[in-house]
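In case you want the letters, here they are:
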Amino acid sequence: MTIVGIGEDGPDGLSAASRAALREAELVMGSARHLSLLPALSCPAIPWPVPFADGIASLLAHRGRRVVMLASGDPFWFGAGSSVTRLLDRHEWVAHPAPSTFALAAARLGWSLEHVACLGLHAAPLERLRPYLGPGRRIVVLLRDGGAVAALATYLTEQGFGASPLHVMEALGGPRERVRRVPAEAMTLTDIAHPVAVGIDCAGPGATLPVASGLADDWFASDGQITKRPVRALTLSALAPRAGELLWDIGAGSGSIGIEWLLAHPANRAIAIEADPVRATRARANALALGVDRLEILEGGAPDTLPSSSPDAVFIGGGLSDALLTALWARLSAGTRLVANAVTLESEALLALWQGKKGGSLLRIELADAAPLGNRHGWRARYPVVQWSVTL
């Protein structure tokens, strides 16, 4: 199987290897748009169905034949390549990429691509932009169509970045190429044609997400069931997220720990376990709003509801019990990092008991806030939190 990256300039932009693959093909599969860019073929051509996933089985049914799959530009940068190659052995496929839309966009705008966030939002929520929004940031996004560009302009305006110039780039690299510039808050373009990419030159007074752990509590909607900012920062420090790792967040509440774990690196994964369906719904909304809709939420109480996966780290923010710790010790692999927070005397005693049996470290967190005291101010203590951190 050969994967051919094809740009809007059609056969004129194809490499010699891509041309040879098309000449020798027994079958060509691609979107109707891609097929229309090619000259007459000497073999059957099958339009790729919508949604994209429906075409994979059809493609694999021809496994072992000389099949060419058409894809956009670089098939392995927000493209279709890996969706297919992960199902094939390495000797079964070869790919011939063309310049990616991101490379073409940088060439048109004069932007240094290594300093630009590149996102594919064809079938993803616009909220995934949220962690990247801030004055001076540059972003290139691939979008589905003109309606998605209008929705992007509205979203940026609602987030306080309506002053951002949008560089709307259509059919880059082909005869229909067009690049236009308009502020997000004054989007008036109504004739935007697919395929489209947008360069965002971020500007405006909107709030910028910090990159350090311990976001302000008002970034999260909650009913008060939330690990507060200073304790959250210490908890995430103890959990020590590393790129590509999986977290179980037990008793997730507002989802703040799992969300900040995901914000730590785009390859991170998190599963939140929450017994209260209202809180579970709120955690989903918080995750979407902060651009990490990949937070998976299981509704139910632990230890009865635990994922089948094997985590790298576990946080217990609610539902702490001897039964839960016993179940976790029976399930978790050696090397798993576990952090548990306790507020009540009973849960403190439980952590002290388990620390005595299993080791790890205990930390008592005592915080106080300045508060009015008559016409002056004094310290108002918060409930202390005891934190147990251990590696199994």
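Preceding block: the structure.
I will try to describe carefully the structure that is included in this document. Numbering of residues starts from 1 in each chain and follows the order in which that chain's sequence is written. Local features in this predicted model are restricted to residues whose pLDDT is 70 or higher, and side-chain atom pairs enter the listing and the counts only when it is 80 or higher, whereas totals over whole chains, interfaces and linings include all residues. Here the side-chain values reflect all heavy atoms present in the structure, with hydrogen atoms and water set aside.

**What to know about the side chain of Asn 286**
Here is step 1 of the chain: Going along the chain from the N terminus, every DSSP run of H or I of four or more residues is numbered as a helix, and every run of E of two or more is numbered as a strand. With respect to the helices and strands, the residue Asn 286 is situated in helix H9 (residues 277–289).
Here is step 2 of the chain: Judged by its relative accessible area of 5%, Asn 286 falls in the buried class.
Here is step 3 of the chain: Within the structure, the side chain of Asn 286 is placed 2.9 Å from the backbone oxygen of Ala 221, a separation counted as a polar contact.
Here is step 4 of the chain: There is a polar contact of 3.0 Å between the side chain of Asn 286 and the backbone oxygen of Ser 254.
Here is step 5 of the chain: Whether two residues are in contact is decided by their heavy atoms, any of which lying within 4.5 Å being enough. Dropping the residues within four chain positions of it, Asn 286 is found in contact with Phe 220, Ala 221, Ser 254 and Ile 259. Summary of the burial criterion: residues with accessible area below 20% of their type's maximum are buried, those above 50% are exposed, and those between are partly exposed, where the area comes from a 1.4 Å probe applied to protein chains only. Identification of polar contacts relies on pairs of N or O atoms within 3.5 Å, with a donor-acceptor requirement for protein atoms, meaning one able to donate a hydrogen and the other able to accept it, and with residues adjacent in sequence counted only if both atoms are side-chain atoms.

**Topic: the sheet that holds strand S1 (residues 2–6)**
Here is step 1 of the chain: One open sheet accounts for five strands, arranged S3-S2-S4-S1-S5; its pairing is parallel. With one partner strand each, in any of the chains shown, strand S3 (45–47) and strand S5 (94–96) form the two edges of the open sheet. Sheet twist, expressed as the mean angle between neighbouring strand axes with direction ignored, is 20°.
Here is step 2 of the chain: Pairing between strands is defined by DSSP: at least two bridges between them are needed. Two strands pair when backbone bridges link them, and strand S2 (residues 27–30) and strand S4 (residues 67–72) are joined in this way by three bridges, in the parallel orientation. In the sheet register, Val 28 faces S4, and the bridge partner there is Val 68.
Here is step 3 of the chain: Working convention: axes come from line fits to C-alpha atoms, limited for helices to the stretch in contact. Angles between N-to-C directions cover 0 to 180 degrees. Contacts from helix H1 (residues 16–24) reach S1, S2, S4 and S5, with the element oriented near 135° to S4.

**Some words on the environment of Ala 32**
Here is step 1 of the chain: Note that Ala 32 resides in helix H2 (residues 32–36).
Here is step 2 of the chain: Sequence separation between Ala 32 and Gly 146 is 114 residues, and the spatial gap between their C-alpha atoms is 19 Å.

Read these as spatial facts, not as claims about activity.
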